[in-house]
Amino acid sequence: MTRRLAEVAKKVGVSEATVSRVLNGKPGVSEATRQTVLSALDVLGYERPTQLRGERARLVGLVLPELQNPIFPAFAEVIGGALAQLGLTPVLCTQTKGGVSEADYVELLLQQQVSGVVFAGGLYAQADAPHDHYRQLADRNIPVVLVNAAIEDLGFPAVSCDDAVAVEQAWRHLASLGHERIGLVLGPDDHVPSARKLAAARGLGDLPDEHVARAMFSIEGGHAAAARLIDRGVTGIICASDPLALGAVRAARRKGLEVPAQVSVVGYDDSAFMNCTEPPLTTVRQPIEAMGRAAVDLLNAQIAGASVTPEELLFEPELVVRGSTAQAARG
């Protein structure tokens with residue numbers, strides 16, 4: 001007990017006597033200090049005293065599908081910073097292949113009595129994936145916000161970048177440069193944002209099935225998918241993420257083609273360092289700052305007991321033209 005008091009006091013920067021008063025429900029401690037002490041207990045992995053367990057922790061789960069794609073750490077930074085400003089402590093949960101699953105993380109967060117959960121990418125974007133753990137959160141009335149397109153009927157509010165507008169911006173850019181054979185590198189068949197991008201592209205121009213390639217979200221996946229498109233004569237490639245686009249650039253080079261002189265490539269996200277690649281990547285920027293703050297505002301409103309409509313807020317993307325796109329080669 002003494003060790004626990006000392007650890008919590010050190011973490012919070014208060015005296016052991018203050019921590020003791022909080023744990024024993026004694027007066028003479030401000031509400032802000034009380035909540036900070038309770039959050040420190042949760043962060044350090046100590047159980048709350050029985051009389052305090054009914055209160056939700058000031059912890060918020062932040063669940064990410066991976067950290068290799070730079071867009072996810074970027075979202076984590078924005079969301080984590082906005083949560084901290086509200087006195088909420090983010091608990092980062094990152095999935096790894098063969099490691100802890102999203103459902104396992106949800107179980108862990110429920111045990112920690114979190115105040116809410118933000119999912120910034122995950123199984124909710126895949127129609128064929130298991131979704132029972134989301135319903136578990138809904139059944140327990142845990143505040144939840146989803147970032148980017150989700151399957152229907154989950155009943156959670158979401159903030160999303162407008163996939164249709166993103167594809168339209170990229171397509172019109174390539175078309176304005178004279179590209180007539182435009183192709184798409186998308187995620188798996190059941191990936192909702194990719195499905196939205198495909199539906200939008202079909203309404204913009206001629207897009208035969210052989211000009212659509214599916215891939216796992218990685219540089220290697222982008223390389224393999226783009227190689228197939230290049231073999232089919234595609235000269236302008238729109239990708240569903242920046243790593244996919246970097247793979248497309250690599251595929252063109254491995255075939256002895258120059259980017260952008262012979263093949264133009266457009267990414268999606270405008271994640272970190274895309275202006276430092278060779279060539280610098282033309283991409284469609286997600287407004288992660290605005291999206292991340294909106295997600296936290298929606299979550300905080302739910303935590304405060306407000307009624308939040310389970311609808312999707314769409315944010316406008318922005319085409320960022322750099323060096324991976326150019327006039328289509330003639331002849």
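Located above this text is the structure these notes cover.
Residues numbered from 1 in each chain as written. Predicted model: local features only at pLDDT ≥ 70, side-chain atom pairs only at ≥ 80, totals over all residues. Heavy atoms only, no water.

1. Comments concerning the overall build of the protein
- Per the secondary structure count, the protein includes eleven helices and twelve strands.
- Each principal axis of the C-alpha distribution contributes one length, and for the protein these read about 85 × 35 × 35 Å.
- Counting only contacts in the protein whose residues sit at least 6 apart along the sequence, the fraction spanning at least 24 positions is 69%.
- When the accessible surface of the protein is split by element, carbon and sulfur atoms take 50% of a total near 14900 Å².
- Of the charged side chains in the protein, 30 are positive and 38 negative, and the gap between their average positions amounts to 6 Å. (Helix = DSSP H or I, 4+ residues; strand = E, 2+ residues; numbered from the N terminus. Contact = heavy atoms within 4.5 Å. Areas by Shrake-Rupley, 256 points an atom, 1.4 Å probe, with all protein chains shown as cover. Lys, Arg positive; Asp, Glu negative; His and termini not counted. Charge placed at Lys NZ, Arg CZ, Asp CG, Glu CD.)

2. Some thoughts on the sheet that holds strand E6 (residues 182-186)
- Taking strand neighbours across the sheet as the criterion, the six strands line up as E7-E6-E8-E9-E10-E12 in an open arrangement whose pairing is mixed. Edge strands, defined here as strands with exactly one partner in the open sheet, are strand E7 (212-214) and strand E12 (318-320). The mean angle between the axes of side-by-side strands here comes to 20°, regardless of whether they run parallel or antiparallel.
- Sitting on the sheet, helix H10 (residues 242-254) is in contact with E6, strand E8 (236-239), strand E9 (264-269) and strand E10 (282-285), with an inclination near 165° to E9. (Pairing = 2+ DSSP bridges. Axes fitted to C-alpha atoms, helices over the stretch in contact; angles between N-to-C directions.)

3. Examining the layout of surface pockets
- Here the largest pocket defines a volume of roughly 1200 Å³.
- When contributions to the lining of the largest pocket are tallied by element, the ones reaching two or more residues are helix H4 (71-85), helix H8 (192-202), H10 and E9.
- When grouped by side-chain class, the residues that make up the lining of the largest pocket number 23 nonpolar, 16 polar and seven charged. (1 Å grid on protein atoms, 1.4 Å probe; cavity = no way out; pocket = protein on both sides within 12 Å on 5 of 7 lines; lining within 4 Å. Points joined across faces, edges and corners; volume = space filled by probe spheres on them. Nonpolar A, V, L, I, M, F, W, Y, C, P; charged D, E, K, R; others polar.)

4. Considering the pattern of salt bridges
- What the rule picks out here adds up to twelve salt bridges.
- When salt bridges that share partners are traced, they join Asp270, Arg285, Glu318 and Arg322 into one network. (Salt bridge = Lys/Arg side-chain N within 4 Å of Asp/Glu carboxyl O.)

5. Here we look at the packing of helix H5 (residues 102-111) against helix H6 (residues 132-139)
- Taken N-terminus to C-terminus, the directions of H5 and H6 make an angle of 20°; their axes are 9 Å apart at the nearest point. As summarised for this structure, H5 and H6 are arranged roughly parallel, according to the angle between their axes. Where H5 crosses over H6, the two elements pack in a sense that is left-handed. For the pair H5 and H6, the contacting residues are Glu102, Ala103, Val106, Glu107 and Leu110 in the first and His133, Tyr134, Gln136 and Leu137 in the second.
- Along the lines of polarity and charge, the residues of the contact of H5 with H6 split into five nonpolar, two polar and two charged. (Parallel < 35°, antiparallel > 145°, perpendicular 65-115°, else oblique. Left-handed = near helix turned anticlockwise from the far one by under 90°.)

6. Observations regarding the packing of aromatic side chains
- Under the criterion given, the structure shown has three aromatic pairs.
- Centroid distance Phe119 to Tyr124: 6.3 Å. Interplanar angle 75°. Geometry classified as edge-to-face.
- Take Phe119: its relative accessible area is 0%, and that puts it in the buried class.
- With relative accessibility at 1%, the residue Tyr124 sits in the buried group.
- Residues Tyr124 and Tyr134 carry aromatic rings whose centres are separated by 6.0 Å and whose planes lie at 80° to one another, so their mutual orientation is edge-to-face. Placement of the pair is Tyr124 in the loop between strand E3 (116-120) and H6 and Tyr134 in helix H6, with a sequence separation of ten residues. For the pair shown, Tyr124 and Tyr134 are each scored as buried.
- In textbook terms, an aromatic cluster arises when at least three aromatic residues are bridged by ring pairs, as seen for Phe119, Tyr124 and Tyr134.
- The ring of Tyr268 carries the charged tip of Lys197 above its face, separated from the ring centre by 3.8 Å. (Phe/Tyr/Trp six-rings, centres within 6.5 Å; stacked < 30°, edge-to-face > 60°. Buried < 20%, exposed > 50% of the residue type's maximum accessible area, 1.4 Å probe, protein only. Lys NZ or Arg CZ within 6 Å of the ring centre and 35° of its normal.)

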